[in-house]
Amino acid sequence: MKNPPEGFTLIEFMVAISIVIVIAMVAIPGFSSAMRGSDVTAAANELIGGINLARMEALRRGYPVVLCSLVSNNQACADTTTWNNGILIWRDNDSNGSYSANFSAPEQIGMIRFSADSGVTVSINPEVAAFQFDAQGRVSQNEIFCITKQDYTIQVTLNTMGIASKCVVGDNNCNGC
């Protein structure tokens with residue numbers, strides 16, 4: 001009586017490798033899309049957290065609080081409508097309309113930096129470099145932030161009552177950026 005051979009034949013091994021390659025070719029594009037979405041979602045959540053902090057501080061302190069685009073590698077407001085570096089949240093203690101890092105009473109409430117390595121861009125419509133929450137936690141006009149990486153965009157909308165919401169551009173009821 002002859003014993004059956006043990007192991008795989010070369011043809012069985014090649015078929016198994018081919019199946020693994022086909023599965024990898026299908027899965028890898030989906031994985032990179034998920035990573036892109038993760039970077040944009042993280043930036044959108046950080047932005048909403050900053051907006052909520054600014055509103056809460058305006059309500060708590062009973063004073064206007066400013067949220068502005070951050071200068072790269074610096075703790076100052078940018079004179080630009082590009083918000084890619086992050087946001088600075090501050091109270092204008094000396095009422096001069098500009099952020100003073102060296103003022104005797106600290107004006108900074110918070111700072112959120114967006115990861116420079118993530119490739120995420122943040123823009124705002126209407127194009128402003130800063131906006132202010134009044135003592136009741138409201139803003140003077142609706143603001144729409146567009147957080148984008150390649151072909152994936154999340155829209156963060158701030159209404160005049162100071163409430164922020166987000167949606168994925170392309171989904172139902174998301175106006176787009």
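Residues numbered from 1 in each chain as written. Predicted model: local features only at pLDDT ≥ 70, side-chain atom pairs only at ≥ 80, totals over all residues. Heavy atoms only, no water.

Novice: Any chance you could explain the overall build of the protein chain here in plain terms?
Specialist: Within the protein chain, the regular secondary structure consists of 1 helix and 8 strands. Secondary structure elements of the protein chain occur, N-terminal to C-terminal, as α-β-β-β-β-β-β-β-β. In the protein chain, which comprises 177 residues, the share counted as buried stands at 32%. Pairs at least 24 apart in sequence give 51% of the contacts found in the protein chain among residues at least 6 apart. A total accessible area of about 10700 Å² is found for the protein chain, and carbon and sulfur atoms account for 55% of it. (Helix = DSSP H or I, 4+ residues; strand = E, 2+ residues; numbered from the N terminus. Buried < 20%, exposed > 50% of the residue type's maximum accessible area, 1.4 Å probe, protein only. Contact = heavy atoms within 4.5 Å. Areas by Shrake-Rupley, 256 points an atom, 1.4 Å probe, with all protein chains shown as cover.)

Novice: Would you take a moment to explain the state of the cysteines for this structure?
Specialist: Two cysteines form a disulfide when their sulfur atoms are joined by a covalent bond. Under the defined criterion, the tally for this structure stands at 1 disulfide. A disulfide bridge connects C68 with C77, and the sulfur atoms are separated by 1.9 Å. In this structure the cystine formed by C68 and C77 twists about its S-S bond by roughly -75 degrees; its chirality is therefore left-handed. Overall, the relative accessible area of 0% leaves C68 in the buried class. (Disulfide = S-S within 2.5 Å.)

Novice: It is not clear to me how the environment of R60 should be interpreted in this structure. Could you clarify?
Specialist: Among the secondary structure elements, R60 is positioned in helix 1 (residues 10–61). Given the relative accessible area of 58%, R60 is considered exposed. Separated by 2.8 Å, the side chains of R60 and E57 make a polar contact. (Polar contact = N/O pair within 3.5 Å; in protein donor to acceptor, adjacent residues only side chain to side chain.)

Novice: Can you help me understand the packing of aromatic side chains in this one?
Specialist: For any two aromatic rings, the description comes down to two numbers: the centre-to-centre distance and the angle of the planes. Per the counting criterion, the structure on display carries 4 aromatic pairs. A ring pair is formed by W83 and F145, whose centres lie 5.3 Å apart and whose planes are at 85 degrees; its orientation type is edge-to-face. Of the two residues, W83 is situated in the loop between strand 1 (65–69) and strand 2 (86–90) and F145 in strand 6 (residues 143–149); the sequence distance between them amounts to 62 residues. By relative accessible area, which is 0% here, F145 ends up buried. Centroid distance F131 to F145: 6.1 Å. Interplanar angle 55 degrees. Geometry classified as tilted. (Phe/Tyr/Trp six-rings, centres within 6.5 Å; stacked < 30°, edge-to-face > 60°.)

Novice: Got a minute to help me understand the environment of A76 in this structure?
Specialist: On the secondary structure map, A76 appears in the loop between strand 1 and strand 2. Spatially, the C-alpha atoms of A76 and M111 are 9.8 Å apart, while their sequence positions differ by 35 residues. With residues up to four places along the chain from it excluded, the contact list for A76 reads S69, L70, V71, L88 and Y99.

Novice: How should the sheet that holds strand 5 (residues 130–133) be read in this particular structure?
Specialist: Strands pair in a sheet through their backbones, by hydrogen bonds, and they do so in one of two ways: parallel or antiparallel. The antiparallel open sheet is built from 4 strands, whose spatial order is 3-2-1-5. The open sheet has two edge strands, strand 3 (108–113) and strand 5, and neither has a second partner. Strand-to-strand twist in this sheet, taken as the mean axis angle between neighbours without regard to direction, amounts to 15 degrees. Where strand 1 meets strand 2, 4 bridges bridge the pair, whose relative direction is antiparallel. The residue bridging C68 from the neighbouring strand is L88, located in strand 2. (Pairing = 2+ DSSP bridges. Axes fitted to C-alpha atoms, helices over the stretch in contact; angles between N-to-C directions.)

Novice: Just to check I follow, could you spell out the nonpolar core for this structure?
Specialist: A general tendency of soluble globular proteins is for nonpolar side chains to be buried together. By size, the foremost hydrophobic cluster in this structure holds 29 residues, and its most contacted members are I51, F131, F145, I147 and V156. Of the residues forming this core, the biggest block, 8 residues, is contributed by helix 1. Residues V66, C68, L88 and W90 belong to the second largest nonpolar core, which totals 6 residues. (Core = buried A, V, L, I, M, F, W, Y, C linked by side-chain atoms within 4.5 Å.)

Novice: Just checking my understanding: could you explain the side chain of T153 for this structure?
Specialist: Turning to its location among the elements, T153 is positioned in strand 7 (residues 152–158). Accessibility expressed as a relative area gives 14% for T153, which makes it buried. Here the side chain of T153 touches T148 through a polar contact of 3.1 Å, side chain to side chain. Beyond its immediate chain neighbours, meaning those up to four positions away, T153 contacts C146, I147, T148, C167, V168, V169 and C177.

That's the geometry; what it means functionally is another story.
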